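Okay, here's what each chain looks like letter by letter:
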Amino acid sequence: MNLVRSELLKIRTTAAWLWMALGALLAVALAFVTNAWLAHTTLTGDADMLGLPPEEAAAQQDVVGQAANLYTSGQYFGLLFVMLIGVLMVTNEFFHQTATTTFLSTPKRTSVIFSKLVAASLIGFVFWLVTSVINLVAGALFMSINDFGTQLGEWEVQRAFLFNLLAYALWTILGIGVGTLITNQIGAVVTSAVVYLIGTQVASLFFFLLSSWLDSEAVLKWQVVLPSVASSVMVNSIESPMLPAWWVGALVLVGYAVVTGTIGILITRRRDIS
Amino acid sequence: MSDGQRSPTTGSGQIVVSGLTKQYKNVRAVNDLSFTVEPGRVTGFLGPNGAGKTTTLRMLLNLVTPTAGSATIGGRRYADLTDPLRHVGAVLEASSAHKGRTGINHLRVIAAAAGLPKTRADEVLAMVGLTPAAKRKFKGYSLGMKQRLGIAAAMLGDPRVLVLDEPANGLDPEGIRWMRGFLKALATEGRTVLVSSHLLSEMQLLADDVVIIAAGQLIRQGPVDQVIGSMAQTTRVRVRTPQATELAKALREQSAVVEVDPHGALLVAGVDAATVGRAALAVQAELHELTTERPDLEGVFLELTAGKAGIR
Ligand SMILES: Nc1ncnc2c1ncn2[C@@H]1O[C@H](COP(=O)(O)OP(=O)(O)OP(=O)(O)O)[C@@H](O)[C@H]1O
Ligand SMILES: [Mg+2]
């Protein structure tokens, strides 16, 4: 418990979290506006405007699904920011050479990483809480003003909130894992951001080409092996032929968090701090 | 010197390094090194650049994994200590705090991890005279201030063993004198103080014992006086007088060895200053200088480590 307190204090006493929080808030604002427009367009029947294939358009025309999407606005960039916090929690120790001090006060390195994981999920929780409250208030207002109903009683919507929380916690943990694998601060930040932002698009394109080449839509479902696709699948309740079931996304994401966390702990235990 | 003056910590803070070895890819940084460090004394840890001092201290503190051998503090490995900061304080390098964190917050982070009260951070900060800079960010600290912050961090848990790697680095003369008094006082209280340094004249003033290594291997260990005495260098008396020839003759009759240095002063070995003074009086020589030149740690160190490749 002392260790978790110490980790949280480390974060509170530096400025990085503030920038990430600002970024996440900005992302929520932008995404909410976009999602609100999307919900309005699809639910009022102008779906062909979006240029989607008919069955996909039909899938989108689902008020519960759109509500869930709206209530988790800002997830895409929010997750990036919490992941970066996780990355910084580890790489800062090497960049500023505080690893020495940290491991002197706690020679049991597994405990140090575990306390970082716990602290990271707490931070993920706070980010989720703040963004969710904003989305809840703004989303409920938007939905009722447009006579779609708030949809808050729907299990699918509630599930979206809950799994959004899981996503925030898991992505912060994933950040810790990446940080222990790539201890170079700039290297880790750039790698994780690039893989998250660009890598996902590149891989999606790859899967898209693969699916048209094999003439099989099922191939597209394999996109879920990408962590960012996995987490949006997990939160999304929209049933679409292009996406697998939500629990597949959840499993993939938990898998990533467990694997990077474990490898991170094993590497950190052996590393010479000099 | 001051062994056994304070009971509670004496005897439990002995450092034992035994057969310690660290092989990096191309260098054997530390090679089958064994020595002991006693409580109640300041032990100087000396060696040329690249001798393996830092590597040894890091292995002692479980930061670097030894290839072979072991190092214990009070009979236990560092990794096995419960509440390590309450047993051992370490100052390893000047720049080990987050640049954007204030000095006081740096200490609070460590105190929190070690389960120490927050007030302890203010206490140690005052102890090293850093209170005025408490709320300034670490990146704005001077080298000496960083060093002091490191010492403050080491003192957080009021440890009975202190390990310092070149703590005098960057300290001003006042700071160096402060540190000397500080470390000596800690040793007098019965604590173990192991400190590496390149400032040999400072070490001669500070240390009770020395451990000298070169190329990863032990060269000599023991009390400073003994180590110095063990070398060929001897105490000499330096004397300047206009009647040099007469005095030299008189001294040689007392079986002293007399040499003349380039500036015309006599360097007398084999007799003490009092004997030289008496001889001068007897031959009515007028004395302009009469000083005892002791062999110093620096000379002995250079002699001991000569030819042992420093940087490998
Ligand atoms: N992480 C490392 N990887 C490879 N070689 C290393 C590493 N750390 C130290 N060395 C090598 O080990 C040897 C001992 O280095 P060490 O830092 O222990 O010396 P030192 O006695 O502290 O020197 P100095 O007086 O300059 O501080 C050197 O040859 C150094 O190059
Ligand atoms: Mg060194």
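Reading the values: rules and limits
Residues numbered from 1 in each chain as written. Chains lettered and ligands numbered in written order. Predicted model: local features only at pLDDT ≥ 70, side-chain atom pairs only at ≥ 80, totals over all residues. Heavy atoms only, no water. UniProt positions renumbered as here; feature names shortened; annotations may be inferred. Helix = DSSP H or I, 4+ residues; strand = E, 2+ residues; numbered from the N terminus. Buried < 20%, exposed > 50% of the residue type's maximum accessible area, 1.4 Å probe, protein only. Contact = heavy atoms within 4.5 Å. Lys, Arg positive; Asp, Glu negative; His and termini not counted. Charge placed at Lys NZ, Arg CZ, Asp CG, Glu CD. Pairing = 2+ DSSP bridges. Axes fitted to C-alpha atoms, helices over the stretch in contact; angles between N-to-C directions. Near = heavy atom within 4 Å. Polar contact = N/O pair within 3.5 Å; in protein donor to acceptor, adjacent residues only side chain to side chain. Areas by Shrake-Rupley, 256 points an atom, 1.4 Å probe, with all protein chains shown as cover. Nonpolar A, V, L, I, M, F, W, Y, C, P; charged D, E, K, R; others polar.

- The name an unreviewed UniProt entry assigns to chain B is ABC transporter ATP-binding protein, from the organism Micromonospora rosaria.
- According to the UniProt record, the Sequence similarities (unreviewed entry) comment for chain B is "Belongs to the ABC transporter superfamily."

- Under an unreviewed UniProt entry, the name given to chain A is ABC transporter permease, and the organism recorded is Micromonospora rosaria.

Brief notes about the overall build of chain B
Now for step 1: A count of helical and extended segments in chain B gives 11 helices and 13 strands.
Now for step 2: Along the longest, intermediate and shortest principal axes, the C-alpha atoms of chain B span 75 × 45 × 40 Å.
Now for step 3: Counting all 312 residues of chain B, 53% fall into the buried class.
Now for step 4: A separation of at least 24 residues holds for 71% of the contacts in chain B among residues at least 6 apart in sequence.
Now for step 5: Distance from the positive charge centre (36 side chains) to the negative charge centre (29 side chains) of chain B: 11 Å.

So, helix α1 (residues 53-60) of chain B
Residue and element names in this part refer to chain B.
Now for step 1: Of all the eight residues making up α1, seven are buried; the element is thus mostly covered by neighbouring parts of the structure.
Now for step 2: Buried within α1 are the following residues: K53, T55, T56, L57, R58, M59 and L60.
Now for step 3: Looking one or two places after α1, you find N62, whose phi comes out positive at around 65°.

Regarding the sheet that holds strand β6 (residues 161-165) of chain B
Residues and elements named next belong to chain B.
Now for step 1: Read from one edge to the other, the open sheet built from six strands follows the order β5-β6-β7-β3-β8-β9, with strand pairing classed as mixed. Edge positions in the open sheet fall to β5 (88-91) and β9 (217-223), since each of these has one partner strand only. Pairs of neighbouring strands in the sheet enclose a mean axial angle of 15°, with direction left out of account.
Now for step 2: Sheet topology note: the strand β8 (residues 209-214)/β9 ladder contains six bridges and is antiparallel. Bridging across to β9, A214 finds its partner in Q217.

Quick notes on the site of ligand 1
Now for step 1: The full set close to ligand 1 counts 15 residues, and G50(B), K53(B), T54(B), T55(B) and H198(B) are the nearest of them.
Now for step 2: Ligand 1 sits at a junction of chains, with neighbouring residues supplied by chains A and B.
Now for step 3: In this structure, T55(B) approaches ligand 1 through a side-chain N or O atom, which is 2.5 Å from an oxygen atom.
Now for step 4: Calculation on ligand 1 without its partners gives an accessible area of 640 Å², and the protein chains cover 68% of this total.
Now for step 5: No other element matches the three residues that α1(B) contributes to the shell around ligand 1.
Now for step 6: For the shell around ligand 1, the class distribution of residues is five nonpolar, seven polar and three charged.

Section: helix α4 (residues 63-71) of chain A
Now for step 1: For α4(A), the buried fraction is high: eight of the nine residues fall into the buried class.
Now for step 2: Those residues of α4(A) lying buried are V64(A), G65(A), Q66(A), A67(A), A68(A), N69(A), L70(A) and Y71(A).

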